[in-house]
Amino acid sequence: MKKHTPKYTQYNQKKRLLALLIVIVFLFVAVLSRILYIEVFDSGRLQSLALDQWMRDVPLTAERGEIFDRNGVLLADSMTVYTLYARPIAVKNKELTASILADTLNLDYKSLLEKINSRRSEVTIAKNVNKDEMFKILHAGATGVYFSQNIKRVYPYGDFMTQILGFTNTDSDGQTGIERQYNQYLKGKNGYILTETDLIGRELKGGVTRYIQGTKGNDIHLTMDYYIQSFAESAVSEAFLNHNAKAVSLMVIDVTNGAVVAMAQKPSFDLNQVPRDNIAKLFAESKSTLVTDVFEPGSTFKILTTAIGLETGAVSRKTGVYCRGHHIVDGQRIKCWRTIGHGSLTFDEGVMNSCNVLFMNTALAVGANAFYSYIDKFGLTRKTGIDISGEASGLTIPLASVKTVDLARIGFGQAIAVTPIELLVACASVINGGNLVTPHLLSKVTDRKGRIIHKSNPKITKGIISNQTSLAVREILERVVAEGSGRHAGVEGYRIGGKTGTAQKYENGAIARGKYTSTFIGFAPADNPKYMALIVVDEPQGAYYGSMVCAPYVGGMFSKIFAYEGMRSATIEEKEIFEMPDIVGMGITEAMMLLRSKKLYVEVDGEGGAKVINQIPAPRTKITSSTVCLIGLGN
C-alpha cells in the first residue's frame, strides 16, 4: 500500500516569503518615518543641539512693558543692566583681569582672583553692571570675560503703590501685584548673542557672531490715578504715624464702574529695594491687606443693614427706637456701644448715632432668610473678582446654623467677617443706585505701536436695591457727616456722606483687650456720588473711635480731590469758633447737656462711670460745631 504524503512544503514556503516581505516593508516604513521626523519635525531641536556644541549663547533679556496710570504717568519702567561672567580657561592674564574687575566694580581682588583661577568652565562675577562699567572693563584690557544683557525693573516713585504694582524676580518675571497678574502681557521675548567657540568654549578667531533681537513686552494702563494715589498715600502715612497704628490702609473706587483709583498701605517698602533677605517682612508688606485679609467690620456694616431694612420694608424712616443701652435677645444681654443708652430716637437719628439697638431690631425684623439673601446679593459670600492675586472671601455663619442672637449681632457688624474690598463694593452698590460693580485695576493693554490689544470690560449687576432706597440711605449718611460721628470727614462747601466704625479685635476666640479696628467709609459728592473711600486703621493707640482716627484723613483726602478735579463748592456756611469747655470732673448728664448745647457730637469711652475723667479736645482748644468730642468716664 502506497503512503500518502501531504503537499505542505510549497504552501509553507510562500507563507514564509510573505511574512519576510511584510517585515522588510515595515522596517523600511519605520526608517523612512524616522528620517522624515528628524528632517522635518525635529530639525529645529537638533539644530539647536548642534549649535550648543560649537556656539556660545549669551541671553539678552527682553525689555519688559511699562506700567502707566490713567493719565499716562509712568509707574514702572525698565533699564538695561548686564551680568558679567568669566571663562577661567580663556583669561590670559588672570592678575590683570582680576585687578581691572576689582577696581571697576569695587569688588574684593582676592575673591575675584580665586574665581578666575578655578577649574570651573564659567563663573559669575557680578550682576546689575551698568553700561559705563561694562565698556570700562572691556577697554581696560580684561580678557576671558563676557556680558549677558538683563532688564532691571525701575519704579520712579519707590515706596508708592507697592502692593499694587508688585515686583519682579531676577529673570524679569512678575512675582506679586500687577507685575504678576499681567505678566503674560508685560514680559517680552528674549534675544541671544551666538558666538562660535572651540570644544572647550574659547571664542574662535574670525568666528561668526549672530545677534537675535528680542521683542519688548506690551504696556499696561491702570485705572489708578497718580495724583489721587498721592493724596491717599499722604493720608495713610499721617494716620499711621499720628496713631502709632499697627497698620493703615485706604482704598478709593469710582462707584459708577468699579475702577480703582487709589490703594495705599502702611507699613510698606521701596520697590527699588525689595527686602528679599527678610522673608517675614516681604510677605507681610507685599500683600494688599485690603484684598487678602478679613475683619469684623463693626459699624460700617450698618450701611448695609440700613439698606436691607428699608428695601425689604421691614422698617421705614418713620420707625423709631428706644435705646436703654442694651437689648435682650434669646436671653442674652447685648450692649449698645453707648452703655448709658440713647433714649428715644427716630430711624435717621438711630443711624446717625450708630445705635446698636436700632440695627438689632432692623435685622430681626428682616429675618434670617431675607437678610442672608441680601448678604449674597451684596457679594459678601464670594470674591469680588478684583484683578490682583491673593483675594480672600468673607466668612458668615451658615444660614442653617444662624441663631436669633447671631442675626442681631450681624445687624450691627459683629458675628460676620468680610474683606475690606468686599465691604467697599457692597456699600458702593448701596449709594450708586443699586449696581454691584466689579472692582478692577486694568484699563487697557497696548502694544509697542500704541494699539489696544486688550481692554477691561468689568461686569456690573444692576438692581441690587432700588434707586429709592439708595437715595434714602445717601440722605441719612450725609447727615452722619453733617451732624453725626462723621463730622471730621466734612469739607466746607461740599456734600459728603459716610459712616464710622469701631470694632474690637479677637485673638484665640476671645476679645483682645485694648485692640480695635477703626474704619470709615465716605463718598462724594453725596447728591451724585462718584468716589467712595474706605480707610482701615488697625490697632490705633490712644483714641480708637473711627470718628477720630479715620474720618479726618478721608475728609482731608476728599478736599484735595475736589481741588484736583476742579469740583465747585456750594456757599460756605460760616461757623462760630469757640473754646472747648473744661468738663473733667462733671457728671455725665451735666457734661452731655453742655456739649449738646453747642451742637457738638460726643463719643463716650468707659462703662459704668458717673464722672468725666478725661476729654478730647483739651479745655480751651479752639473748636467749631463740626468738632467731634471724646469723653472718658470713671468714678
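Above this note sits the structure.
The structure displayed is predicted, hence computed values, not measured ones.

Chemist: So what exactly am I meant to see when it comes to the environment of Glu 114 here?
Modeler: Tracing the backbone shows Glu 114 in helix α4 (residues 109–116). Assessed through its relative accessible area of 62%, Glu 114 is described here as exposed. Between the C-alpha atom of Glu 114 and that of Lys 94, which follows or precedes it by 20 residues, the distance is 9.6 Å.

Chemist: Just to check I follow, could you spell out a nonpolar patch on the surface for this structure?
Modeler: On the surface, a cluster of nonpolar side chains totalling about 690 Å² of accessible area is made up of Leu 18, Leu 21, Ile 22, Val 25, Phe 28, Val 29 and Leu 32. Along the chain, the position of Leu 21 falls in helix α1 (residues 9–41). On the basis of relative accessibility, which here comes to 48%, the residue Leu 21 falls in the partly exposed class.

Chemist: How should I be thinking about the sheet that holds strand β9 (residues 247–254) in this particular structure?
Modeler: Pairing between the strands of a sheet is mediated by backbone hydrogen bonds and can be parallel or antiparallel. Pairing is antiparallel in the open sheet, where 5 strands are placed in the order β10-β9-β23-β22-β21. Unpaired on one side and paired on the other, β10 (260–266) and β21 (497–507) mark the two borders of the sheet. Averaged over all pairs of adjacent strands, the angle between their axes in this sheet comes to 10°, without regard to strand direction. Bridging between strand β22 (residues 510–524) and strand β23 (residues 531–538) involves 8 bridges; their strand directions are antiparallel. Note on β23: the bridge partner recorded for Phe 523 is Met 532.

Chemist: What's the story with the packing of aromatic side chains in this structure? I'm lost.
Modeler: A ring pair, where both rings are aromatic, is described by two values, the distance of the centres and the angle of the planes. Following the criterion strictly, the structure yields 15 aromatic pairs and no others. Where Tyr 157 meets Tyr 226, the ring centres are 4.8 Å apart and the plane angle is 40°; that geometry is what we call tilted. Here Tyr 226 lies in helix α9 (residues 226–242) and Tyr 157 lies in the loop between β5 (145–154) and α6 (162–165), a separation of 69 residues in the sequence. By relative accessible area, which is 36% here, Tyr 157 ends up partly exposed.

Chemist: Would you take a moment to explain the sheet that holds strand β26 (residues 611–616) for this structure?
Modeler: Sheet architecture is open: 3 strands sit in the order β25-β28-β26, paired in mixed fashion. Looking along the sheet, the strands with just one partner apiece sit at the ends: β25 (601–605) and β26. Across the sheet, the mean angle from the axis of one strand to that of its neighbour is 30°, orientation sign disregarded. In terms of strand pairing, β25 meets strand β28 (residues 628–634) through 5 bridges, oriented parallel. Along β28, the bridge assignment pairs Val 602 with Cys 629.

Chemist: Can you walk me through the pattern of salt bridges in this structure?
Modeler: Pairs can form between side chains of opposite charge whenever their charged atoms are close. This model, assessed by the stated rule, comprises 22 salt bridges. Via salt bridges that share partners, Arg 317, Asp 348, Glu 475, Arg 479 and Glu 483 belong to a single interconnected network.

Chemist: Sorry, what's going on with the packing of helix α14 (residues 356–366) against helix α16 (residues 404–411) here?
Modeler: In a packed pair of helices, the relevant descriptors are the angle between the two axes and the axis-to-axis distance. Contact geometry for α14 and α16: axes closest at 7 Å, N-to-C directions at 125°. In terms of orientation, α14 and α16 fall into the oblique class. In this structure, α14 meets α16 at a crossing whose hand is right-handed. For the pair formed by α14 and α16, the contact residues are Phe 359, Met 360, Ala 363 and Leu 364 on the first element and Thr 404, Leu 407, Ala 408 and Gly 411 on the second. Of the residues in the contact of α14 with α16, the class split is 6 nonpolar, 2 polar and no charged.

Chemist: In this structure, what is going on with the side chain of Glu 233? I would like to understand it.
Modeler: Considering the arrangement of structural elements, one finds Glu 233 in helix α9. Buried charged residue Glu 233 carries no salt bridge. Nearest counter-charge: Lys 266, at 4.4 Å. There is a polar contact of 2.8 Å between the side chain of Glu 233 and the side chain of Gln 229. Glu 233 has contacts with Asp 159, Phe 160, Met 161, Met 263, Ala 264 and Lys 266, leaving out every residue within four places of it along the chain.

Chemist: Please clarify how the pairing of β23 should be interpreted in this entry.
Modeler: Regular strands have side chains that alternate between both faces of the sheet. For β23, the buried fraction is high: 8 of the 8 residues fall into the buried class. Relative to β23, β9 is paired through 8 bridges, and the arrangement is antiparallel. From the neighbouring strand, Ile 253 faces β23, where its bridge partner is Met 532. The hairpin turn running from β22 into β23, its antiparallel successor, is 6 residues long.

Here is what the cut-offs are and how they apply
Throughout this description, residue numbers start from 1 for each chain and increase along the sequence as written. Local features in this predicted model are restricted to residues whose pLDDT is 70 or higher, and side-chain atom pairs enter the listing and the counts only when it is 80 or higher, whereas totals over whole chains, interfaces and linings include all residues. Hydrogens and water molecules were not included; the side-chain quantities draw on all heavy atoms of the structure. Where helices and strands are cited, they refer to DSSP runs of H or I of at least four residues and of E of at least two residues respectively, numbered from the N terminus. To sort residues, take the accessible area from a 1.4 Å probe on protein chains only and compare it with the maximum for the residue type: under 20% means buried, over 50% means exposed, and anything in between is partly exposed. Patches in this entry comprise residues that are over 30% relatively accessible and not in a salt bridge; like charges within 9 Å are linked, as are nonpolar side chains (Val, Leu, Ile, Met, Phe, Trp, Tyr) within 5 Å. Exposure was quantified through the Shrake-Rupley algorithm and a 1.4 Å probe, taking into account, for residues, occlusion by the shown protein chains and nothing else. Salt bridge, as used here, is a side-chain nitrogen of Lys or Arg placed within 4 Å of a carboxyl oxygen of Asp or Glu. The rule for pairing is simple: two strands pair if DSSP sees at least two bridges between them. Helix axes are fitted only over the stretch in contact, all axes being lines through C-alpha atoms; the angle between N-to-C directions runs from 0 to 180 degrees. Pairing of aromatic rings covers Phe, Tyr and Trp, the last counted by its six-membered ring, and requires centre-to-centre distances within 6.5 Å; plane angles under 30 degrees mean stacked, over 60 mean edge-to-face, and any other angle means tilted. Should an angle lie under 35 degrees it is considered roughly parallel, over 145 roughly antiparallel, and from 65 to 115 roughly perpendicular; all remaining angles are considered oblique. The hand of a helix crossing depends on one turn: near helix anticlockwise from the far one by less than a right angle means left-handed, and clockwise means right-handed. Contact between two residues is taken to exist if any of their heavy atoms lie within 4.5 Å; hydrogens are not considered. In this classification, the charged set is Asp, Glu, Lys and Arg, the nonpolar set is Ala, Val, Leu, Ile, Met, Phe, Trp, Tyr, Cys and Pro, and all remaining amino acids, among them Gly, are polar. Think of it this way: Lys and Arg go in the positive column, Asp and Glu in the negative one, and His and the chain ends go nowhere. Between N or O atoms, a polar contact is any pair within 3.5 Å; within protein, one atom must be a potential hydrogen donor and the other a potential acceptor, and residues adjacent in sequence are included only when both atoms are from side chains.

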